[in-house]
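Next come the chains, spelled out residue by residue.
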Amino acid sequence: MSAAPLLAVEDLAVAFKGDGAPVQAVRGVSFALPRAGTLALVGESGGGKSVLALALLGLLPATATVSGRVLWEGTDLVALPERDRQRWRGCKLGLVLQDPLAALNPVLTVGDQVAEGLRYHRGLGRRAAREAAVSLLAEVRLPDAAARARDYPHRLSGGMRQRALLAAALACGPELLIADEPTASLDVTVQAEVLDLMAELVRARGMALLFVTHNLALVPRVAERAAVMFAGRLVEMGPARAVIEAPAHPFTRALLAALPERWPLHGRLPAADAPGPDPRRPPPGCPYVCRCPHARPACADESALGLALADDRRVACLPEVAGPLARGEVPA
Amino acid sequence: MRRRSARTLLADPGARAGLLILALLAGAALLAPLVAPGDPAALGPSAARLLPPGPGRPLGTDPLGRDVLSRLLHGARASLLVGVVGAAIAVGLGTLVGLAAGLGRTAADRLLMGLADVGLAFPRLILALFLVSLAAPSLGLVIAVLALTGWMGVARLVRAETLSLRERDFVLAARGLGLAPARLALRHVLPHLLPTVAVAVALRVGNAILLESFLSYLGLGAQEPTVSWGAMIEQGRAHLLDGWWLTAFPGLALTLAVVGCNLLGDGLSEALDPRGEGRVLP
Amino acid sequence: MLLYVVRRLGSAVLLLLALLTAVFFIARLAPGDPIDRFGAADLDAADRAAVRHNLGLDRPLAAQYWQWLRGVTRGDFGRSLSRHQPVSAMLAEAVPRTLLLTGIAYVLHFALAVASGVWLARNRGRRRERVATVAGLVLYSLPAFWLGQLLVLVFSRALGWLPASGVAAVGAAWLPWPQRVLDVARHLVLPLCVIGVAPVLGTARFVRNGVLEALGQDYVLAARARGLPERAVIWRHALRNGLLPVVTIAGLNLAFLLNGAVVTEVVFAWPGLGRLTVEAIFARDYPVIMGTTALAGALTLLGNLLADVLYGVADPRVRLASEADR
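Worth saying up front: this structure is predicted, and the values here are computed from it rather than measured.

## Here's the deal with the overall build of chain C
Link 1 in the chain: Helices and strands together make up the secondary structure of chain C, namely 15 helices and zero strands.
Link 2 in the chain: When each of the 326 residues of chain C is scored for burial, the buried share is 44%.
Link 3 in the chain: For chain C, the share of sequence-separated contacts (at least 6 apart) that also reach a separation of at least 24 residues comes to 71%.

So, in structure tokens, the structure goes:
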């Protein structure tokens, strides 16, 4: 590869200070995202996905310590001063949040919120910003965009709010869109509509996408690649289809097993049979041992984990377990 | 549960300071006759009039030659007594009204809350002045006025909490047993209101002390020979330059008492009501 | 929105009526003979009867009440006993001065409260927040009349920088208007410190809590993710929402400031509503006391009404709810 990828995350870790030992929410995460690449980050809630997303934006609270590197075309964002990071947000990175009602300010009009990024980043005047907001709202196919721009969020339906939020995230033409469970609070049909719209806009604008979700079934709809996260670590990564059709990590299998087959869009949270590992004192090696049906003593050995199934497909598991699982066999 | 509240209260440095201040002032008030260096009413010889602080008269003397420290210590009695009793009656009255409105029929609720709203529509001080003007000034009248002008806010607060309590299971169960309304109110609802009430008392005592001192400052509160800090400050008004100690010390004592109440009230609301919704004032 | 205003207006009018009724009956039914309170305590029986008749106190209570209420609704509060002029004329003179004082104090108070509340929120949990809060609490707890007296002692008597009392200097009426304004402004400084500045922590704490609550919301996260500078996040997103609970206490604060105005008017000899009340009490001038009390209540009601309407303007959800009611 000649050019550096758009985004390269290297050995990223996030810990939260609190009473007692710090909570290690994200540990040793590395992945790369090429320009216009799309990656889904999948895992159960509390697994560190959202923390990872906020760490990329530099929006974690002051109690969080971030280590490792987040390289944006070679520039390490973690090391940047806050003033420069702020310019990165909105301009280069856009964010769409889960609950569109909570993510829209109830006392500002939709148009104000869609356009405010433009006003601060591009110095647009009031009128120009309003016009830009209307055309952005039209781009996300909000019916009667000019009138909706003058409305307060409470007058919009859930799907409309989510589109408005998408429009606000797109305002300054970011090169990477981070979508954190963007459709979890919507009805199934609206959910599909918004997802397709998002995927289409990402393609049309040539943006990269980081799609955070707990629902593995949604992944092929929007992303080429999938990364599965458990207890703050990446356990499996590869082309979305391959990960879903031939899951190699026991946790990925459990996630898939939790999906009702007939209603692929209607995924539920994977049932946590057992609690995850203690985030203050994570065990050595694979964090999934406490729930894994194939756990064995070697799992505690970090160096024994890891299997490359293909050039772009890696699993953080013992080869003697992951290999058979990927082939659809039961490990010995 | 209760013990934990007490520990939380003592863990808060502000509340600790408030308790300490109030304990000191209460001690001074109780022991005033024993610890005061002189008789607060004893007039001094003309040579002893309006003397600045010095040996034998730590806080100076007033224009009548009376010892300011002795008067200050005795003044603590009137200020604290009136403040505490006035606020306690106001909060008690407000609690009863709030309970009755919250548990009673709609008509009773409307009437009582209407009364509270009318009371709240007056600036408290103007209403207090209006009421004080209707009878001869005395500390008893001040206490009555404090009670009559201070119950409304508590009533609203207690009513709101009672309304939410009455839908809770244990109250519904008690109603199902057919308990008499008064018994229901006192045995099953009131205990749950105690945190709110405790915070209200602490925060209102400070306010009551201020109101009493202002009325006494105007000459509408404590009458001679009862000593009151407010009246002492008024005495200093005519001697701002040649008797600054007449103004300074009673005002400091008054400030200390109010700060103590506010610190304690704040700490109490923190300890008893962690959501902090009971916090009326800082 | 209109419906919302009309509704609030209706309940305010009802409360005003109840308030006037309360003033009348408290004054009439208080222990003792009402005519003693109208300045007839020292007269003999025949003269007392004459006074009673002249004041209309021998008529049925209901008739007296009706007459008083009718007068009040036309701005007629009777005649002052001590100054022999209509009470309404005295009120008309006093109210603008009180409104000048409380109006400026109100604006100053809220501006300071918002600024310091935001500051407290941004410095949450730091040592300087704790220090500032304790200092603010002491300022808040200062007895207003004592603080006023201290300020007079220091800035008027000792330093001679600012006038100690009144609205304007003697002879100021002959000055050209810029100097007259300046003169009034100089008279306002100390009273404003007492009622506007000293108790600022009370309101600032509401602002602080409101802003902190708003800062934890998703829309603030979304605004930050759009790359807004922190100043815009706080003033545009957090403060607007954080101020909503403050607006609901804005009306209550008018009553609070009127209380303060009474105290400061007495200490600084500011000839407004509060001072008029206190003077009338000493003169046992009941028509005036009833008039000032009723008017102070009416002003507070007006303040609450304005706060309600303001709340409706500030929170689109309230507007929507009232539209949905239709």
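## Section: the interface of chain A and chain C
Interfaces are often described in size by the accessible area the parts lose on coming together.
Link 1 in the chain: Counting residues at the interface gives 23 residues for chain A and 20 residues for chain C.
Link 2 in the chain: Counted by class, the side of chain A that touches chain C contains 13 nonpolar, six polar and four charged residues.

## A closer look at the environment of Arg166 of chain B
All names here are of chain B.
Link 1 in the chain: For Arg166, the position within the fold is in the loop between helix H6 (139-165) and helix H7 (169-176).
Link 2 in the chain: Classification of Arg166 as partly exposed rests on a count of 17 C-beta atoms within 10 Å.
Link 3 in the chain: In the structure, Arg166 is positioned 63 residues away from Leu103 in sequence and 7.4 Å away in space, judged by C-alpha atoms.
Link 4 in the chain: Beyond its immediate sequence surroundings of up to four residues, Arg166 is in contact with Gly102, Leu103 and Val171.

## Examining the interface of chain B and chain C
Link 1 in the chain: Taken residue by residue, the interface counts 36 residues in chain B and 40 residues in chain C.
Link 2 in the chain: Of all the elements in the fold, those that place two or more residues in the side of chain B that touches chain C are helix H4 (106-121), helix H5 (124-132), helix H8 (181-217), helix H9 (229-237) and helix H10 (244-272) of chain B.
Link 3 in the chain: When residues of the side of chain B that touches chain C are assigned to their parent elements, the largest contribution, nine residues, is made by H10 of chain B.
Link 4 in the chain: Grouping the constituent residues of the side of chain B that touches chain C by class yields 25 nonpolar, eight polar and three charged.

## Observations regarding the environment of Leu6 of chain A
All names here are of chain A.
Link 1 in the chain: As for its position among the elements, Leu6 is in the segment before strand E1 (7-16).
Link 2 in the chain: By the C-beta count within 10 Å, which is 19 here, Leu6 ends up partly exposed.
Link 3 in the chain: Separated by 106 residues in sequence, Leu6 and Asp112 place their C-alpha atoms 30 Å apart.
Link 4 in the chain: With sequence-adjacent residues up to four places away left out, Leu6 is seen in contact with Leu33, Pro34, Arg35, Glu73, Glu175, Leu176 and Ala208.

## Side note on the pairing of strand E3 (residues 38-42) of chain A
Residues and elements named next belong to chain A.
Link 1 in the chain: For E3, a buried count of five out of five residues is recorded, marking the element as mostly surrounded by other parts of the structure.
Link 2 in the chain: A two-sided burial pattern is seen for E3, the buried positions comprising Thr38, Ala40 and Val42 on one face and Leu39 and Leu41 on the other.
Link 3 in the chain: Direction of pairing for E3 relative to strand E8 (residues 208-213): parallel, over a ladder of five bridges. Bridge pairing links Val42 to Thr213 in E8.
Link 4 in the chain: As paired elements, E3 and strand E9 (residues 225-230) share four bridges and run parallel to each other. Bridging across to E9, Val42 finds its partner in Val228.

## So, the sheet that holds E1 of chain A
Residues and elements named next belong to chain A.
Link 1 in the chain: If you walk across this open sheet you meet the four strands as E2-E1-E4-E5, and the pairing is antiparallel. Both edges of this open sheet fall to strand E2 (23-33) and strand E5 (75-76), since each of them pairs with a single strand only.
Link 2 in the chain: As defined by bridge partners, E1 adjoins strand E4 (residues 64-72) across eight bridges and the pair is classed as antiparallel. If you follow Phe16 over to E4, its bridge partner there is Ala64.
Link 3 in the chain: Here helix H1 (residues 49-57) sits on the sheet and contacts E1, E2 and E4; the angle it forms with E2, its principal contact strand, is near 65 degrees.

What counts, and at which threshold
Residues numbered from 1 in each chain as written. Chains lettered and ligands numbered in written order. Predicted model: local features only at pLDDT ≥ 70, side-chain atom pairs only at ≥ 80, totals over all residues. Helix = DSSP H or I, 4+ residues; strand = E, 2+ residues; numbered from the N terminus. Buried ≥ 20, exposed ≤ 12 C-beta atoms within 10 Å, placed from the backbone. Contact = placed C-beta atoms within 7 Å. Nonpolar A, V, L, I, M, F, W, Y, C, P; charged D, E, K, R; others polar. Pairing = 2+ DSSP bridges. Axes fitted to C-alpha atoms, helices over the stretch in contact; angles between N-to-C directions.

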